[in-house]
Amino acid sequence: MNRNLCLLATVLVFFGFSLPAMTQSLGSAGTVEGTVTDPTGAVISGASVELQNPITGFKRQTTTDNTGSFRFTNIPPNPYHLHVSVAGFKEAHQDVTVRSSVPVNLKIPLEIGTLTIEVNVEAGAAGMVENVPSAHTDVDQTLVSHLPLTSPGSGLSDVVALSAPGVAADSNGFFHPLGDHAQATVAIDNQPISDQQSKAFSTQLPVNAIQSMEVMTGAVPAEYGDKTSLVINAITRSGIGLQKPTGSFLAQYGTFGTTDLNGDLALGGPKAGNFTAFNFERSGRFLDAPEFTVLHDQGTATNFFDRIDFSPTPKDTLHLNLFLARNRFDLPNTFDQQVLGQDQGQLVRTLNIAPGYVHTFNANTLLTVNPYYRLDQVRYYPSADPFSDETQTISQQRRLNNVGTRADMSHVQGIHNLKFGVQFSHTFLTENFQFGITDPAFNDPSSDSFIPGLLPFDLTRGGSLFRFHGHTDVKQEALYAQDSISLHDLTVSLGLRFDNYNGIVTGHAAQPRVGLSYHLKPSNTVLRGSYTRSFETPYNENLILSSSTGGGGLAANGILGPATAEPLRPGRRNQFNLGLHQGIGKLVVIDADYFWKYTNNAYDFNVLLNTPVAFPISWNKSKLDGVSFRVNLAEYHGLSAFMIAGHTRARYFPPETGGLFFNSDLPEGVFRIDHDQAFQQTTHVQYQFNQIKKVLPYMAFTWRYDSGLVAGSVPDFETALTFTPDQQAQIGLFCGSTFATPTQALTGCAYSNRDPGGWNGQRRSQSSPDCASPSPGLQCGV
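Residues numbered from 1 in each chain as written. Predicted model: local features only at pLDDT ≥ 70, side-chain atom pairs only at ≥ 80, totals over all residues. Heavy atoms only, no water.

Chemist: Tell me about the sheet that holds strand β2 (residues 30–37), and name the residues and values.
Modeler: Pairing between the strands of a sheet comes from backbone hydrogen bonds, and it takes one of two forms, parallel or antiparallel. Across the sheet, three strands lie side by side as β5-β2-β8; this open sheet has mixed pairing. Each edge of the open sheet carries a strand with a single partner, namely β5 (69–75) and β8 (104–109). Pairwise comparison of adjacent strand axes, ignoring direction, gives a mean angle of 20 degrees for this sheet. The pairing of β2 with β8 spans six bridges and is classified as parallel. Following the sheet pairing, valine 36 is matched in β8 by isoleucine 108. (Pairing = 2+ DSSP bridges. Helix = DSSP H or I, 4+ residues; strand = E, 2+ residues; numbered from the N terminus. Axes fitted to C-alpha atoms, helices over the stretch in contact; angles between N-to-C directions.)

This is the structure:
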């Protein structure tokens, strides 16, 4: 749609149980531990200890044991308020900052006096201003469980788009962070995943398995590489440390026959625990449809996540993450395709096994080791009758297998917070692809756009299927070192990363990273700035065909048109961020950020027709800039809220390399790509009622607006008149007050009022195919 207004106005009342789930610290999660004593130094048992962040909603409670000790584990990196209370003593308060997996050790002395219990929400946001150089958003399970997730099989993408500023939502679980196309890395308990996570390519970790996320968009630390426009540091839930089993079950039913069943169970003790999550979704609108009427769009998503923790000694912790997932869905049809009887679909299977080990050497030094194994299998099915497939019949069988390990050493000493690490990964790629032309008009020998190289694959003229098979492996190694230096009100972040890439092509690069932030305490303001150099590696999905200079002679036969026939090479990016973090009073925190990015070899995807089959491509360079904004209202008597907004300009420069283009026109000069979005905004307000017999009812309202992404164009009105009625209706073609319908086309127009909203690549649409450029051969915007 043109200027699509997406309203997610959700008023929910949900009755659930509070589910604390804690574990030993793994990856970037931290630990807060300590001892509570009286004025003589004697330990106090049975004291109530609470750790909370009023901005993210994170809250944990425990009591001291017989030795006066307490311990909070699996704590996301953030500032916190710590409250300690016990009868006969005055309540104690302390601010705590977690920025490392090295445990924070505290000693809390209590003064003798009368206990006065205060609801200390007025202390709220005053101490939550973060003096760090990075632009990031913190998301806790308490918020995740209250957000409306509207895209089946893409809950994680929904949460990121709704909660992180500067992220433009796209169709089918895609999102564009800061003007880039899906350039994101998800680190799950220290396992880095930089392959595509949308449901068209793979499967996603279920949101009910996530304890917290830190979504970073600026000053990304040196420990993260590959895809760094957006980094999600996710910490999963666990059962270790629980005093009794906890769990939940949720069943939902909505429009289009959408059914959602999910449950989780956590159980464990001081040294071992297990957390399990199961999810099943079924919908009659699984993918975003090209028509307002949904046709042939059923799909299911099923996944199972299990985390096992074991701590044999106080200094050693082991964990194992297991993840199994399956998506099976139809490809939605247009009216024209429905008449032909098109019946295409896709099956995606995922297996992920990720053990982890943490060893604490002393109070200042900690070692983390995380090996992993991940497998994605994708099958795209054509119609049983090839001539039921509009224009072309397409099928695909693809396998992506990633094996690797990451190890790092964290050390905290004085003003320094250091981390050194290595990362190794080996990705095995196998691709099979077939296509044939099924429409005699698509590559008509009598037309000016005829491509002789396609004639052998024209099934309407006695041709046979084009068949491609390819296999390769990609080896990557990385070294990194980083230090966060605290100099009173000044924080300096320094990092250096070196990546070596050895795939179809080779490349390597050193990547310096530096950030500064300064806390102006009188006004409670943090000013920050950063520079990030990054080495961007090609997408692995369909990389072989896209890099094979035409796949068995396609380029030599002229099929790639103006695309450059050479392998995709790694890109190099310079990124600058300037930001402000401002506390207002005791309840409000504002964050604003400006970014500017310049990339050589900027990546994108070329989508084949109106299908989820996509091929990585690169443009000569890109220039991206924009602003993002976030305001948080800390919880006040049960009421909390946040608002995010963003604006991005995404300019790309030809020539283009890679992909699979058929008789398509590529731009000759700089152009706005479909990652460009003028404005996106989310407002979320929720009210948490007081606990009633262990039940916590709440109400929430969410509003989302996207101004729309740049879509491909139609050259002129006369060209649009040659489209089918359905194609004219999809682009909103009109003449005066008469609009095209799926059954009635416009054949001419004598009125000057006939522009459907901006030809020449300026029309914006959220539901159009994700095309990189004006490409009539790919049916962009049609």
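Now, onward.
Chemist: Outline the state of the cysteines, listing residues and values.
Modeler: The bond known as a disulfide is covalent and runs between the sulfur atoms of two cysteines. Counted under the stated rule, the structure contains one disulfide. Bridging cysteine 735 to cysteine 749, the disulfide has an S-S length of 2.0 Å. Measuring the twist about the S-S bond at about 85 degrees, one finds the cysteine 735-cysteine 749 disulfide to be right-handed. Residue cysteine 735 is located in strand β36 (residues 734–735), and its partner cysteine 749 is located in the segment after β37 (738–739); the two are separated by 14 residues in the primary sequence. (Disulfide = S-S within 2.5 Å.)

Chemist: Outline the pattern of salt bridges, supporting the account with residue identities and numerical values.
Modeler: One pass over the full model with this rule turns up 23 salt bridges. In this structure, the salt-bridge partner of arginine 573 is glutamate 536, at a minimum N-O distance of 3.4 Å. Of this pair, arginine 573 sits in strand β29 (residues 571–584) while glutamate 536 sits in strand β28 (residues 525–536), placing them 37 residues apart in sequence. Glutamate 536 carries the same exposure label as arginine 573, and that label is buried. In this structure, arginine 672 and aspartate 676 form a salt bridge, with 2.9 Å as the shortest nitrogen-oxygen distance. Relative accessible area serves as the criterion here: at 34%, arginine 672 is assigned to the partly exposed category. Among the residues examined, aspartate 676 registers a relative accessible area of 1% and is labelled buried. Salt bridges here are not isolated pairs; linked through shared partners, they connect Asp180, Glu536, Arg573 and Lys597. (Salt bridge = Lys/Arg side-chain N within 4 Å of Asp/Glu carboxyl O. Buried < 20%, exposed > 50% of the residue type's maximum accessible area, 1.4 Å probe, protein only.)

Chemist: Could you give an account of the pairing of strand β16 (residues 246–254), naming the residues involved and the relevant values?
Modeler: In this sheet, strand β17 (residues 258–268) lies alongside β16 in antiparallel orientation, the contact comprising nine bridges. Counted as the bridge partner of phenylalanine 249 is glycine 263 from β17. Between the end of β16 and the start of β17, which pair antiparallel, lie three residues, with phenylalanine 256 showing a positive phi angle near 60 degrees.

Chemist: Go over the environment of proline 512 with me, naming the residues and quoting the values.
Modeler: Within the secondary structure, proline 512 sits in strand β27 (residues 506–520). Expressed as a C-alpha distance, the spacing of proline 512 and tyrosine 480, which sit 32 residues apart in the sequence, is 9.9 Å. In contact with proline 512, other than residues within four places in its own chain, are Gly495, Leu496, Tyr531, Thr532 and Arg533. (Contact = heavy atoms within 4.5 Å.)

Chemist: Talk me through a nonpolar patch on the surface; I want residue IDs and the actual numbers.
Modeler: A contiguous nonpolar surface patch, about 460 Å² in accessible area, is contributed by Leu639, Val685, Tyr687, Phe689, Met699 and Phe701. At the level of elements, β34 (677–688) and β35 (698–706) are the ones that each hand at least two residues to the nonpolar patch. Examined against the element boundaries, leucine 639 turns out to sit in strand β32 (residues 639–658). (Patch = residues over 30% accessible without salt bridge, like charges linked within 9 Å, V, L, I, M, F, W, Y side chains within 5 Å. Areas by Shrake-Rupley, 256 points an atom, 1.4 Å probe, with all protein chains shown as cover.)

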